[in-house]
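Read off the chains here:
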Amino acid sequence: MKKHTFIISIIVLTVVLAVVSFYMLFVHVPYYQYHHQLDEIRNEICETNQYDYQGYFSEYRGKEVYYIVKVKINEIDSYVAYNKDLELVDTYQGNVADEKTVQSAINEKYNVSIDDLEIGYENERFVYYGRYQDDASLLYVYYDLNSGEFIKAVRLGE
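Residues numbered from 1 in each chain as written. Predicted model: local features only at pLDDT ≥ 70, side-chain atom pairs only at ≥ 80, totals over all residues. Heavy atoms only, no water.

What about the pairing of strand E4 (residues 88-92)?
Inference 1: Pairing of strand E3 (residues 76-83) with E4 involves four bridges; the strand directions are antiparallel. Counted as the bridge partner of Tyr 79 is Tyr 92 from E4.
Inference 2: What sits between the antiparallel neighbours E3 and E4 is a turn of four residues, in which Leu 86 has the positive phi angle 60 degrees. (Pairing = 2+ DSSP bridges. Helix = DSSP H or I, 4+ residues; strand = E, 2+ residues; numbered from the N terminus.)

Points about unusual backbone geometry
Inference 1: Despite not being glycine, Glu 75 shows a phi value in the positive range, around 65 degrees.
Inference 2: Assignment of secondary structure puts Glu 75 in the loop between strand E2 (65-73) and E3.
Inference 3: Backbone geometry at Glu 124 places phi at a positive 60 degrees, although glycine is not the residue there.
Inference 4: Within the secondary structure, Glu 124 sits in the loop between strand E5 (118-122) and strand E6 (125-133).

Let's talk about the packing of aromatic side chains
Inference 1: The final tally for this structure, using the stated rule, is nine aromatic pairs.
Inference 2: Note on Phe 57 and Tyr 67: the rings are 6.1 Å apart at their centroids and 5 degrees apart in plane angle, and the pair reads as stacked. Of the two residues, Phe 57 is situated in strand E1 (residues 52-61) and Tyr 67 in strand E2; the sequence distance between them amounts to ten residues.
Inference 3: A relative accessible area of 18% means that Phe 57 is categorised as buried.
Inference 4: Plain terms: the ring middles of Tyr 129 and Tyr 142 are 6.2 Å apart, the flat faces sit at 25 degrees to each other, and that makes the pair stacked. Pair noted here: Tyr 129 is in strand E6 and Tyr 142 is in strand E7 (residues 137-144), with a separation of 13 residues, a long-range link.
Inference 5: Note on Tyr 129: relative accessible area 7%, which makes it buried.
Inference 6: Tyr 142 gets classed as buried once you look at its relative accessible area, which sits at 9%.
Inference 7: By the ring-pair criterion, three or more aromatic residues cluster together here, those being Tyr 66, Tyr 92, Tyr 121 and Phe 126. (Phe/Tyr/Trp six-rings, centres within 6.5 Å; stacked < 30°, edge-to-face > 60°. Buried < 20%, exposed > 50% of the residue type's maximum accessible area, 1.4 Å probe, protein only.)

Section: the sheet that holds E6
Inference 1: Pairing within the open sheet is antiparallel, and its four strands lie in the order E5-E6-E7-E8. Looking along the sheet, the strands with just one partner apiece sit at the ends: E5 and strand E8 (150-157). Strand-to-strand, the axes of this sheet are offset by a mean angle of 30 degrees, without reference to chain direction. (Axes fitted to C-alpha atoms, helices over the stretch in contact; angles between N-to-C directions.)

Comments concerning the pattern of salt bridges
Inference 1: Using the criterion set out here, one finds five salt bridges in the structure.
Inference 2: Across the salt bridge formed by Asp 77 and Lys 72, the nearest N and O atoms sit 3.1 Å from each other.
Inference 3: Since its relative accessible area comes to 37%, Asp 77 is described here as partly exposed.
Inference 4: The salt bridge involving Arg 125 is made with Asp 144; its shortest N-O contact spans 3.6 Å. Here Arg 125 is found in strand E6, whereas its partner Asp 144 is found in strand E7, with 19 residues between them in sequence.
Inference 5: Judged by its relative accessible area of 13%, Asp 144 is buried. (Salt bridge = Lys/Arg side-chain N within 4 Å of Asp/Glu carboxyl O.)

This is the structure we're talking about:
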């Protein structure tokens, strides 16, 4: 009986080791490398341009890839957009629409709640964008960062 318990224990431990190894190699390590690469991009943008980083960085993937960073330029809060070659594309230093107002507008127009709006760069301007997914469709909504006005929506599926 002890021999069978030992063999079963070895098999269970081998399976656990295989699952943990698979997770580390194919999930955790690539995830960590991707986020580490984004941190390096953010740091390179800020250090190269002597920006004072203000706690917001996002990789926006629309038709092209843009890196959006909130920084201080001459003591003014600003959003900067860089392309995948880390070249400055645009800078925004104006007022920012209230995020809760934009979320309410989305809720009224589409009857969905998007809790997390991101800042992106679409059609050569800074935007709030959000996505909502249910079983049948995926909805992307875009609102102007300055005014909070609706720009466009894209629904996939259904």
